[in-house]
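Residues per chain, in single letters:
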Amino acid sequence: MSRTEVPDPAEAAPRDRVAHIMAEWARERPDLDISPQGVIARLHRLANHLTDDLVAVYRTFDLAEGEFDVLATLRRSGAPFERTPTELAQTTMVTSGAMTKRIDRLEERGLLTRRVSDADGRGRVIALTDAGRDLIDRAFTAHLANERRLIDESISRDDADALAGILARWLAHYEG
């Protein structure tokens, strides 16, 4: 089979929308190697579906995706569950402006506090409150159960382990 041919779905993966798109491109542009679409387009589409399923769980705790990220970052930092706004922005990969908005919303809800840094009087430190820790512990428990469900209903544990390794190697290319 040439690199431009799309494999028969019965011989490869189940037929999906990407296979249909690839078949159309193979017909229209047989001179091109469309095989990367089999990976990239599926990853992109899968990420969109997974994000929808993950965000649905966050909403049950009245959290937006970014708010969950901030609380989770603080929680996993260990006692005393605090970081600077800059550390939070770097860890969650958002701008400082976006981080300030998230911190403001979470502070208004009593889920975190903001105080002057002991190390640098100009800096600030963001810390989880007891209410914030309780909420993120419950939300993270539900989040992990949801992730387990999403994997278990679709692929085997062996496939999940293999995929995790492949994706880790690929991501390391970008993130070192």
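Residues numbered from 1 in each chain as written. Predicted model: local features only at pLDDT ≥ 70, side-chain atom pairs only at ≥ 80, totals over all residues. Heavy atoms only, no water.

**As for the sheet that holds strand E2 (residues 112–116)**
- Taken together, the three strands give an open sheet; going across it, the order is E1-E3-E2, and neighbouring strands pair in antiparallel fashion. Each edge of the open sheet carries a strand with a single partner, namely strand E1 (82–83) and E2. (Pairing = 2+ DSSP bridges. Helix = DSSP H or I, 4+ residues; strand = E, 2+ residues; numbered from the N terminus.)

**Observations concerning helix H3 (residues 65–76)**
- Helix length check: H3 (12 residues) gives 16 Å between terminal C-alpha atoms against 16 Å at 1.5 Å per residue, within 8%.
- Inspection of H3 places Gly 66, Glu 67, Phe 68, Val 70, Leu 71, Ala 72, Thr 73 and Leu 74 among the buried residues, and these make up the whole buried set.
- Phi turns positive one or two residues past the end of H3, at Gly 78, with a value near 85 degrees. (Expected span 1.5 Å × (residues − 1). Buried < 20%, exposed > 50% of the residue type's maximum accessible area, 1.4 Å probe, protein only.)

**Observations concerning the UniProt feature "domain: HTH marR-type" (unreviewed entry) in the protein chain**
- Mapped onto the present numbering, the UniProt feature "domain: HTH marR-type" (unreviewed entry) falls at residues 36–172.
- Spanning residues 36–172, this segment combines 71% helix with 9% strand, and its end C-alpha atoms are found 19 Å apart. (UniProt positions renumbered as here; feature names shortened; annotations may be inferred.)

**Quick look at a nonpolar patch on the surface**
- Taken together, the side chains of Val 39, Ile 40, Leu 43, Ile 151, Ile 155, Leu 163, Ile 166, Leu 167, Trp 170, Leu 171 and Tyr 174 define a hydrophobic patch exposed on the protein surface, amounting to about 930 Å² of accessible area.
- Counting residues per element, the nonpolar patch draws most heavily on helix H7 (residues 157–175), which supplies six residues.
- Tracing the backbone shows Ile 166 in helix H7. (Patch = residues over 30% accessible without salt bridge, like charges linked within 9 Å, V, L, I, M, F, W, Y side chains within 5 Å. Areas by Shrake-Rupley, 256 points an atom, 1.4 Å probe, with all protein chains shown as cover. Salt bridge = Lys/Arg side-chain N within 4 Å of Asp/Glu carboxyl O.)

**Overview of unusual backbone geometry**
- Here the bond from Ala 79 into Pro 80 is cis, since omega is 10 degrees, no more than 30 degrees from zero.
- Secondary-structure assignment places Pro 80 in the loop between H3 and E1.
- At Asp 62, a residue that is not glycine, the phi angle is positive and equals roughly 60 degrees.
- Here Asp 62 falls in the exposed class, since its relative accessible area comes to 54%.
- Even without glycine at this site, Phe 81 takes up a positive phi of about 60 degrees.

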